[in-house]
Amino acid sequence: MMVRWFAALLLASTASFVFADVPSAGRIYHDCVHLRFRIYCYGGVTRDAAKNIASPADNLTFYLDLSMDSNLTDLQTAWISISENVGRRDSFAMAALPELNSFIIDGGELGSLSDDPVTAIFNASTGVWDRDVATTQRTLLNTHTAISGANNMIYMAGGISDQRPGNVTFPEKMSVLNLAVKTWNDVASDLQIFTSQTRFQSKAALGQDQRTIYYVGGMYPYERNTLGGFSYRSANMSDILTFDTVDSTWKTETTVTEVVPFPRIRHTLTLIPSSGELVLYGGVQAYSENPLVDYFYILNTDTLTWRTQSLGTSREAQGAGARYGHAGNLRVVAI
């Protein structure tokens, strides 16, 4: 029998999640990770037809079992809720820890003033949250990124802190969580403030070499304004910020093709393991509520070139279409 490999980009967003035990509205500004044969998601907010946003108080931890053959209709009604959680939050950072069959979440916009931890780890094997992840606490951030590297080192970068005027800060260093000793450390090399290096609402992915992290899109502060706050710009999609986890160095690379995605936030960035390319899906322009119509691109990290292509359909599926605030995971399947 011939074995053929193909990859499926699984998107979870504004389409409704129907839980097997408790119905729930669709989510945005949540995040998801792929662990073995399951997609685990956490948090997020709901938005009704009038665009009113609410933070759900239940169904905060949920998963989709992909171990059985299922069609799209079956999957839409197969979400399972887990009662244990670490509080309402959205726009947080999340990363899978495959070797531990666990995932980590950090920060975010918290739904209430509570004792919920800034950082927590969920063990999918035991169904238990570890609320004592680090011996030291760090600044509460949102719209930042988390990437799991070698030896279960967690790399957190970007984002924005308390958004009240006068209190806003932008991380200028890479923060690394060493799970073995439960400590945070800031990498010595600084990012340059008031440049596209200090990004928030960008997306990140670990490259095929398992050492380079790529940061695409987002916004950044370019100056202080007369009100004591900051003025912001969208990061150019031709400027790819990278971090080398071995040398602990930052670099801004520039793509070399005429094809360049429109600047965006609230998109996803997903590695294709076989080719090392990065799939960019969806997004929205800053200060807009209309999804961008140029919603699918592929970045070749070897040549630093963007390309786009039309997405076909299969089995009468219409595709995910333009969207933002979603989560994306790549699942490789053998048939």
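Residues numbered from 1 in each chain as written. Predicted model: local features only at pLDDT ≥ 70, side-chain atom pairs only at ≥ 80, totals over all residues. Heavy atoms only, no water.

### As for the state of the cysteines
Here, disulfide denotes a covalent bond that connects the sulfur atoms of two cysteines. Following the criterion strictly, the structure yields one disulfide and no others. Note that C32 is cross-linked by a disulfide to C41, the S-S spacing being 2.0 Å. Measuring handedness by torsion sign, the sulfur bridge of C32 and C41 sits at about 105° and is right-handed. Neither C32 nor C41 differs from the other in exposure class; each is buried. (Disulfide = S-S within 2.5 Å. Buried < 20%, exposed > 50% of the residue type's maximum accessible area, 1.4 Å probe, protein only.)

### Brief notes about the sheet that holds strand 22 (residues 239-244)
One open sheet holds the four strands; their spatial order is 18-19-22-23, and the pairing between them is antiparallel. Bordering the open sheet on either side are strand 18 (203-206) and strand 23 (249-254), each of which pairs with just one other strand. Here the strands of the sheet are splayed against their neighbours by 25° on average, with no regard to which way each runs. Where strand 18 meets strand 19 (residues 212-216), four bridges bridge the pair, whose relative direction is antiparallel. Its bridge partner lying in strand 19, K203 is registered against V216. (Pairing = 2+ DSSP bridges. Helix = DSSP H or I, 4+ residues; strand = E, 2+ residues; numbered from the N terminus. Axes fitted to C-alpha atoms, helices over the stretch in contact; angles between N-to-C directions.)

### Here's the deal with the pairing of strand 14 (residues 145-148)
For a regular strand, side-chain orientation follows a simple rule: the groups alternate between the two sheet faces. Every second residue of strand 14 is oriented toward a common face, with T145 and I147 on one face and A146 and S148 on the other, all of them buried. Sheet topology note: the strand 14/strand 15 (residues 153-157) ladder contains four bridges and is antiparallel. Bridged to A146 within strand 15 is M156. Counting the residues that bridge the hairpin from strand 14 to strand 15 gives four residues, and of these N151 lies at a positive phi of roughly 60°.

### Details of the sheet that holds strand 3 (residues 38-42)
Read across the open sheet, the four strands follow the order 2-3-6-7; overall the sheet is antiparallel. Edge strands, defined here as strands with exactly one partner in the open sheet, are strand 2 (31-35) and strand 7 (80-82). For this sheet, the mean angle separating the axes of adjacent strands, direction not counted, is 25°. Here five bridges tie strand 3 to strand 6 (residues 61-65), and the two strands are oriented antiparallel to one another.

### Side note on the nonpolar core
Formed by 17 residues in total, the largest nonpolar core has its most connected members in Y40, Y42, F103, I105 and W129. Of all the elements in the fold, those that place two or more residues in this core are strand 2, strand 3, strand 9 (93-97), strand 10 (102-106) and strand 12 (119-123). The contacts of F103, once residues within four sequence positions are left out, are V33, L35, Y40, T61, M94, A95, A96, L97, A120, I121, F122 and W129. Counting residues in hydrophobic clusters, the runner-up holds 14 residues, among them M174, V187, I213 and L241. (Core = buried A, V, L, I, M, F, W, Y, C linked by side-chain atoms within 4.5 Å. Contact = heavy atoms within 4.5 Å.)

### Some details on the packing of aromatic side chains
The way to describe two aromatic rings as a pair is by their centre distance and the angle between their planes. For the structure shown, the criterion picks out 20 aromatic pairs. Seen from their ring centres, F243 and W250 are 4.8 Å apart, and the 55° between their planes marks the pair as tilted. Just as F243 is buried, W250 falls in that class too. The lysine or arginine in question, R233, covers the ring of Y222, its NZ or CZ lying 3.8 Å from the ring centre. (Phe/Tyr/Trp six-rings, centres within 6.5 Å; stacked < 30°, edge-to-face > 60°. Lys NZ or Arg CZ within 6 Å of the ring centre and 35° of its normal.)

### Description of the confidence of the model for the chain
Low pLDDT marks regions whose predicted coordinates should not be analysed in detail. Across the chain, the average pLDDT comes to 85, with 84% of residues at or above 70. Here residues 1-7 scores under 50 on pLDDT; set against residues more than four positions off or in separate chains, the count is 16 contacts. Ignoring residues within four places in sequence, the model shows residues 14-23, a span with pLDDT below 50, making 32 contacts including any to other chains. (pLDDT = per-residue confidence, 0-100.)

### What to know about the environment of A157
Here A157 is to be found in strand 15. Note on A157: relative accessible area 5%, which makes it buried. Spatially, the C-alpha atoms of A157 and T145 are 5.6 Å apart, while their sequence positions differ by twelve residues. Apart from the residues within four sequence positions on either side, A157 is in contact with H144, T145, M174, Y215 and W250.

### As for the pattern of salt bridges
On inspection of all chains with the given rule, the structure shows seven salt bridges. Of the charged contacts in the structure, one is a salt bridge between D247 and R211, with a shortest N-O distance of 3.3 Å. Placement of the pair is D247 in the loop between strand 22 and strand 23 and R211 in the loop between strand 18 and strand 19, with a sequence separation of 36 residues. Residue classification places D247 among the partly exposed positions, given a relative accessible area of 49%. Between R307 and E277 there is a salt bridge, with its nearest N and O atoms 2.6 Å apart. Here E277 lies in the loop between strand 24 (268-271) and strand 25 (278-281) and R307 lies in strand 27 (residues 305-307), a separation of 30 residues in the sequence. Taken together, the shared-partner salt bridges connect R211, D244 and D247 into one network. (Salt bridge = Lys/Arg side-chain N within 4 Å of Asp/Glu carboxyl O.)

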